[in-house]
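Residue-level structure breakdown
So you can see what is in the structure, the chains are spelled out below.
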Amino acid sequence: MTEPSGRRERKKAATRQKIADTALRLFLERGYDAVGIREVAAEADVAVTTLFSHFASKEALVFEQDADFEQRLTLAATGRAPHEPLIPALRREIQALVRHCTADSAAPIWHMIDGSPALREYEESMRLRHAESLAAAIAADPDLTQSTTACHTIARFAIDAYSLAREAADPQAAVDEIFRMIEAAWEVTQPAPRA
């Protein structure tokens, strides 16, 4: 996550983190459905309006790194070195995200998410949003000549790779296997060389 530069921004970021940490602790202790927004706000010592100025919904409290993950994915496409191929850059970022989300400390959180229809639905909508942002970043690259459909497809494949690998017995091997298929699909979209 990017470090806020000014005092005000640092204070805002600290309040946001305090709210997220408090919510996660309460959700893991008592269960996601058993904890209300007012309880989170009271425990974090903030007003409910302050909580909602940082998080749009109760579900967003669980996925507090959502915006950071989305930014990291789009930067993998837009921030790569000149002439660096797209797919290896995406693969590295997906591997890093999978490592983060499969750490032992994340297991209770994923167990909670898997047990909540509201959180699973939120995660699905979040993944679709991430795929749209990634597709737009890929399509905007002047060095890439793939169609809009190809950009959307590869973005969805990359986001699905994260989800599939997270659930695999060997997440890193799954990323490798999936990205071999993504690489092959990307190659098929390359324009034929002119004769």
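Look up a bit, the structure's there.
Below, the structure is looked at part by part.

Rules of the game
- Residues numbered from 1 in each chain as written.
- Predicted model: local features only at pLDDT ≥ 70, side-chain atom pairs only at ≥ 80, totals over all residues.
- Heavy atoms only, no water.
- Helix = DSSP H or I, 4+ residues; strand = E, 2+ residues; numbered from the N terminus.
- Buried < 20%, exposed > 50% of the residue type's maximum accessible area, 1.4 Å probe, protein only.
- Areas by Shrake-Rupley, 256 points an atom, 1.4 Å probe, with all protein chains shown as cover.
- Lys, Arg positive; Asp, Glu negative; His and termini not counted.
- Charge placed at Lys NZ, Arg CZ, Asp CG, Glu CD.
- Core = buried A, V, L, I, M, F, W, Y, C linked by side-chain atoms within 4.5 Å.
- Contact = heavy atoms within 4.5 Å.
- Phe/Tyr/Trp six-rings, centres within 6.5 Å; stacked < 30°, edge-to-face > 60°.
- Lys NZ or Arg CZ within 6 Å of the ring centre and 35° of its normal.
- 1 Å grid on protein atoms, 1.4 Å probe; cavity = no way out; pocket = protein on both sides within 12 Å on 5 of 7 lines; lining within 4 Å.
- Points joined across faces, edges and corners; volume = space filled by probe spheres on them.
- Nonpolar A, V, L, I, M, F, W, Y, C, P; charged D, E, K, R; others polar.

**Side note on the overall build of the protein**
- Looking only at helices and strands, the protein has 10 helices and 0 strands in total.
- Along the protein, helices and strands appear, N-terminal first, in the series α-α-α-α-α-α-α-α-α-α.
- Taking the principal axes of its C-alpha atoms as reference, the protein extends roughly 70 × 40 × 25 Å.
- When each of the 195 residues of the protein is scored for burial, the buried share is 43%.
- In the form shown here, the protein has an accessible surface area of approximately 11000 Å², with 54% of it arising from carbon and sulfur atoms.
- Taken as two groups, the 23 positive and 30 negative side-chain charges of the protein have centres that lie 6 Å from each other.

**Some details on the nonpolar core**
- In this structure, Phe27, Val40, Val62, Leu90, Ile138 and Phe179 are the most contacted members of the largest nonpolar core, which totals 57 residues.
- Dropping the residues within four chain positions of it, phenylalanine 179 is found in contact with Ile87, Leu90, Arg91, Ile94, Ala158 and Ala161.

**A short note on the packing of aromatic side chains**
- Using the criterion set out here, one finds 2 aromatic pairs in the structure.
- Their ring planes at 65° and their centres at 4.9 Å tell us that phenylalanine 27 and tyrosine 32 sit as a pair that is edge-to-face.
- The exposure class of phenylalanine 27 is buried, given its relative accessible area of 2%.
- Residue classification places tyrosine 32 among the buried positions, given a relative accessible area of 6%.
- Centroid distance phenylalanine 63 to tyrosine 122: 5.4 Å. Interplanar angle 25°. Geometry classified as stacked. Of the two residues, phenylalanine 63 is situated in the loop between α4 (58-62) and α5 (66-78) and tyrosine 122 in helix α8 (residues 117-139); the sequence distance between them amounts to 59 residues. Comparing phenylalanine 63 with tyrosine 122, the two get one shared label, buried.
- Positioned above the aromatic ring of tyrosine 32, the side-chain terminus of lysine 58 is 4.3 Å from the ring centre.
- Positioned above the aromatic ring of tryptophan 110 is the side chain of arginine 166, whose terminal nitrogen or guanidinium carbon lies 3.4 Å from the ring centre.

**Focus: empty space enclosed by the protein**
- Inspection of the entire model under this criterion finds 1 cavity of 30 Å³ or more.
- Here the largest cavity is characterised by a volume of approximately 90 Å³.
- Counting residues per element, the ones that place at least two in the lining of the largest cavity are α5, α6 (86-101), α8 and α9 (148-167).
- In terms of residue class, the lining of the largest cavity is built from 7 nonpolar, 1 polar and 1 charged.

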